[in-house]
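# Observations on the three-dimensional arrangement
Take a look at the letters that make up each chain.
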Amino acid sequence: MARAGLASVGQDPGGSPAGRLLDWYDRHARDLPWRVSPLARARGRRPDPYGVWLSEIMLQQTTVKTVGPYFEDFLARWPRVKDLAAADTAEVMSAWAGLGYYSRARNLHACARMVAGELGGIFPQTEEGLLALPGVGPYTAAAIAAIAFDEPAAVMDGNVERVISRLFAITTPLPAAKAEIRDRLRTLVPDTRPGDFAQATMDLGATLCSPKKPACSLCPWTDICAAAAQGIAETLPVKPPKKEKPTRHGAAFWLTDGKGHVLLRTRPPKGLLGGMDEVPGTEWREQKAVDHLPHAPAEAPWEVLPGTVRHVFTHFALELVVYRAEVADRPQAEGEWVPVDSLTARALPTVMRKVVAHADPDAAKQFRRRK
DNA sequence: GATGCGTGGCA
DNA sequence: TTGCCAAGCAT
């Protein structure tokens, strides 16, 4: 933890910036389920490309804490890429339920099938090759290339954008600043341990160089950080103003048959909650409907439940009224009758789990097993 | 370049 | 309570 005195600025007190960051990483790397520790890596242990790929897809826009149990569950169910490729899509969607951004799950499965099939079970080892895989964009391709294959790729995620924009005091707003951030990052990427360097920059952003109240005094780069020197670290990177979220309204219909089954539907494969299961409902509109019942999946003695279900998506908030009915004989209705006690096996997104909890609190208890 | 796409944690 | 935002990608 040697502190670089003013006299040593520009003198490279602890080696190159990358070297100093790696030194910090050797001492502070977090122990994560998909990570090979710096020590084990130094001893020659290599991360499994399948595990690196799986974790990176899950980590897109998703926190480490949230991903943990899902990663363990996927790896236990499908230890190798060919196992995942052989799974049913419905089973994969069910296992992904709750993690969000469900197109990731579809692309994950498509990618597994591509790798296990036409690629002979071997992941591409270059950024370019990885970029051609479904669900793999610039960040993920670079991350896999660096972490799994020791390619000196510039791995730039939200954390790294923050770290680099501060290090060089880049005040251009995002996303226009990305090109400059990437150029700056490239000057830092070392030829040795590029994978650890990538993980170190992300760890730095996730721990010390946080969006608010960065812990500059503990940072291995504090003495070479332009933003810290100018006292503007917390203001960077500059982001565009946020758009406001409208609230949409709708209704959901919980219909049971008296024999422990409930009517569910599967949403279309693309778009919001694509390919996921749902409790049948109305469309979701900003205007509140006067009467929901004409949109019910069947005629039944519908009873409106008190309260509403609220859920916030990326670009709008949703408020649902829940109706409940039980019928002795199943009416003609689009969808599938599913045992109420096996809903965990279904691909129910979080908003629909909230609907279940509202309509039948006992049934919702089965969801508590995970996490 | 802009937009659509989930969820949970935390200040 | 409310807003912020986290290891982005596809279109």
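Residues numbered from 1 in each chain as written. Chains lettered and ligands numbered in written order. Predicted model: local features only at pLDDT ≥ 70, side-chain atom pairs only at ≥ 80, totals over all residues. Heavy atoms only, no water.

In total, this model carries zero disulfides according to the counting rule given. Not engaged in a disulfide, the cysteine C219 finds its nearest cysteine sulfur in C209; these two sulfurs lie 6.2 Å apart. With no disulfide of its own, C225 lies 6.2 Å from the sulfur of C216, the closest cysteine sulfur. (Disulfide = S-S within 2.5 Å.)

Attention shifts here to the UniProt feature "domain: HhH-GPD" (unreviewed entry) in chain A. Within this structure's numbering, the places UniProt gives as "domain: HhH-GPD" (unreviewed entry) are residues 58–207. Note that residues 58–207 is 62% helix and 0% strand, and that its end C-alpha atoms are spaced 20 Å apart. (UniProt positions renumbered as here; feature names shortened; annotations may be inferred. Helix = DSSP H or I, 4+ residues; strand = E, 2+ residues; numbered from the N terminus.)

This part takes up the protein's contact with DNA strand B. Among the 19 residues in the neighbourhood of DNA strand B, the closest are listed as Y102, L273, H311, H315 and T350. Among all atoms of DNA strand B positioned within 4 Å of the protein, those belonging to sugar or phosphate total 61%. Y102 places a side-chain nitrogen or oxygen 2.7 Å from a phosphate oxygen of DNA strand B. Here a phosphate oxygen of DNA strand B and a side-chain polar atom of H311 are 2.6 Å apart. Counting only elements with at least two residues in the surface near DNA strand B, the list comes to strand 5 (309–312) and helix 14 (350–359). Looking at side-chain class alone, the surface near DNA strand B contains nine nonpolar, nine polar and one charged residues. (Near = heavy atom within 4 Å. Polar contact = N/O pair within 3.5 Å; in protein donor to acceptor, adjacent residues only side chain to side chain. Nonpolar A, V, L, I, M, F, W, Y, C, P; charged D, E, K, R; others polar.)

Within the element layout of this structure, G121 appears in the loop between helix 7 (103–116) and helix 8 (127–131). Leaving out residues up to four positions away in the same chain, G121 has contacts with V81, V115 and A116. (Contact = heavy atoms within 4.5 Å.)

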